[in-house]
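In case you want the letters, here they are:
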Amino acid sequence: MTHAAHPSPPPSEGLRIDWTRCTGRGVCAELLPELLDRDDWGYPLPREDGVAPRGSSAAPGRGGGIPVPRARRRDAREAVRLCPRLALRLEHS
Amino acid sequence: MTVLDPTTRRAGLLDAAEPDPDAHRGRHGPLPEIDLVTELQRAGLTGRGGAAFPVWRKLAAVSPRTTGSAGPSTRSTFARRRAAAATGPVLVANGAEGEPRSAKDRTLLTHGPHLVLDGLEAAARAVGARRCVLLAHPDVVERVRPAAAERGIAVVAGDGGFLDGEETAAVARIEGRPPVPADKTRRLVERGIAVLNVETLAHIGLVARRGADWFRSAGTADEPGTMLVTGPGGVGEVELGTPLPEVLGEVRGPVLVGGFHGAWLAPGEVLRARLSRESLREFGAAPGAGVLHVPAPGRCGLVETAEITTFLAGASARQCGPCRNGLPALADLLHRLAAGHPHTAPEIARISALLTGRGACHHPDGTVRLVRSALRVFATDVDAHLRGGCLATGQSSPPHAEAPR
């Protein structure tokens with residue numbers, strides 16, 4: 001896909017976590033270390049220095065999800081595909 | 001439970017409630033045919049279960065008859081409307097009342113069940129509902145069964161648990177699944193399901209008969225009408241915008257506003273606060289489902305908060321990791337804080353930040369709101385506890401502990 005195929009800017013994407021499925025296996029944090037840290041119990045946590053401030057409406061679980069920069073989209077898709085609990089989704093916002 | 005005299009200037013819900021079906025029909029007559037969704041939009045009635053969502057929007061969202069006035073038309077709106085039109089929406093009357101300090105829904109279902117059922121029937125007619133279900137707290141479920149059966153409304157007994165009334169948990173119970181909150185990927189209205197608190201429905205029952213102007217004759221311009229409140233003296237009906245001291249009567253001291261997911265107000269704040277979202281916002285609080293909890297005289301607010309947090313940790317559905325792990329950790333820290341352990345408050349702040357926005361439902365966020373408000377309102381008392389004292393009990397405080405800081 002080339003930029004010529006995108007005359008308008010592509011929609012932004014957000015990573016959304018289904019907390020009822022997530023068991024903190026950590027695959028997503030391993031694949032997206034720039035975006036995700038792990039909390040005290042191993043569950044994915046958006047990095048404070050990342051694009052999604054913790055506790056904002058962009059926090060995972062509700063709302064728009066964790067914004068994924070263009071450069072990380074391939075890794076984000078990989079994380080969605082490899083999550084052993086199928087707890088991740090990429091959503092267009 | 002005590003039912004208090006309403007403070008409202010106009011006769012409202014508690015006045016209109018008739019437990020006997022014939023007396024109810026004789027007094028109120030049949031439900032008139034009106035454009036209910038438009039009337040509710042004019043009335044400005046918001047949900048009385050805690051979230052204060054505009055009721056007309058919720059009904060419009062599940063109504064296959066609505067033509068897009070409820071919000072921007074999107075692909076999902078279209079698909080949802082098509083699906084809802086095919087099967088008809090489902091309306092759920094939520095009388096689960098899981099909030100431990102709330103008694104207003106049970107009071108209403110006991111004293112005025114027909115008013116609730118009128119509202120359900122009027123709403124069902126307005127949206128062309130194919131099914132109505134009443135979820136009732138176990139204390140009152142047998143009392144409402146005959147009245148509901150008379151109108152062909154199914155009744156499901158809740159378990160009285162804290163999360164029972166969370167709307168996706170309520171729907172799961174009705175559908176025969178384990179009653180726990182669901183991930184919000186697909187909103188309930190997209191499935192054609194609207195969950196409405198029983199008090200909200202009783203207001204609908206009156207708006208359907210008396211109209212929007214009557215409803216707006218109480219309350220404020222932005223937050224019209226009345227709401228039921230469970231306070232230190234029992235259940236009462238209060239106009240939105242009423243000063244809190246007027247609602248509380250002689251009671252003084254810190255007040256937990258909005259229930260266990262609510263926020264503490266300091267005694268001085270209580271004196272200038274009103275029962276409205278606009279007034280309470282300044283203190284990080286909201287009327288919620290109308291719970292005003294006042295600790296017993298001499299009771300320590302920090303100990304009270306620690307015990308409530310322990311209760312909330314136990315009430316977790318244990319589905320989401322941050323809630324399952326974080327709430328017990330938070331409760332433990334609060335007990336340590338109340339016991340005077342040093343360096344506890346920063347750790348409470350850190351764990352609180354870990355929980356915000358990280359769950360399928362509002363339970364971690366609501367708990368964090370309570371805890372943060374306690375640290376703010378009882379900040380001076382935290383220092384007293386660190387020195388082995390307590391401002392509320394006056395227990396073994398060194399002389400300087402009560403000095404203004």
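- Looking at chain B in UniProt, the text filed under Sequence similarities (unreviewed entry) is "Belongs to the complex I 51 kDa subunit family."

- In the nomenclature of an unreviewed UniProt entry, chain A is known as Ferredoxin of Pseudonocardia ailaonensis.

Description of the interface of chain B and chain A
So, step 1. Chain B puts 25 residues into the contact, and the matching count from chain A is 19 residues.
So, step 2. Both faces combined, the contact of chain B with chain A buries some 1,700 Å², and carbon together with sulfur accounts for 53% of it.
So, step 3. The salt bridge partner of arginine 16 of chain A is aspartate 183 of chain B, with a shortest N-O separation of 3.4 Å.
So, step 4. If you list the elements that add at least two residues to the side of chain B that touches chain A, you get helix H15 (321–338) and helix H16 (344–355) of chain B.
So, step 5. Considering each element in turn, the side of chain B that touches chain A owes the most residues, six residues, to H15 of chain B.
So, step 6. Classifying every residue of the side of chain B that touches chain A by side-chain character gives ten nonpolar, nine polar and six charged.

Describing the nonpolar core
A general feature of soluble globular proteins is that nonpolar side chains tend to end up buried together.
So, step 1. Formed by 53 residues in total, the largest nonpolar core has its most connected members in Leu36 of chain A together with Ile348 of chain B.
So, step 2. Those residues in contact with leucine 36 of chain A that lie beyond four places of it in its chain are Leu15, Cys28, Ala29, Pro44, Leu45, Pro46, Arg47 and Ile66 of chain A.

As for the sheet that holds strand S7 (residues 255–257) of chain B
All names here are of chain B.
So, step 1. Taken in spatial order, the three strands make up an open sheet running S8-S7-S9, and their pairing is antiparallel. Where the open sheet ends on each side, the last strands, each with one partner, are strand S8 (263–265) and strand S9 (292–293).
So, step 2. Where S7 and S8 come together, three bridges link them in antiparallel fashion. Across the sheet, residue valine 257 finds its bridge partner in S8, namely alanine 263.
So, step 3. Strands in contact with helix H17 (residues 363–377) are S7 and S8; relative to S8, the strand with the most contacts, it is inclined by about 20°.

About the thresholds
Residues numbered from 1 in each chain as written. Chains lettered and ligands numbered in written order. Predicted model: local features only at pLDDT ≥ 70, side-chain atom pairs only at ≥ 80, totals over all residues. Heavy atoms only, no water. UniProt positions renumbered as here; feature names shortened; annotations may be inferred. Contact = heavy atoms within 4.5 Å. Buried area = accessible area lost by both parts, 1.4 Å probe. Salt bridge = Lys/Arg side-chain N within 4 Å of Asp/Glu carboxyl O. Helix = DSSP H or I, 4+ residues; strand = E, 2+ residues; numbered from the N terminus. Nonpolar A, V, L, I, M, F, W, Y, C, P; charged D, E, K, R; others polar. Core = buried A, V, L, I, M, F, W, Y, C linked by side-chain atoms within 4.5 Å. Buried < 20%, exposed > 50% of the residue type's maximum accessible area, 1.4 Å probe, protein only. Pairing = 2+ DSSP bridges. Axes fitted to C-alpha atoms, helices over the stretch in contact; angles between N-to-C directions.

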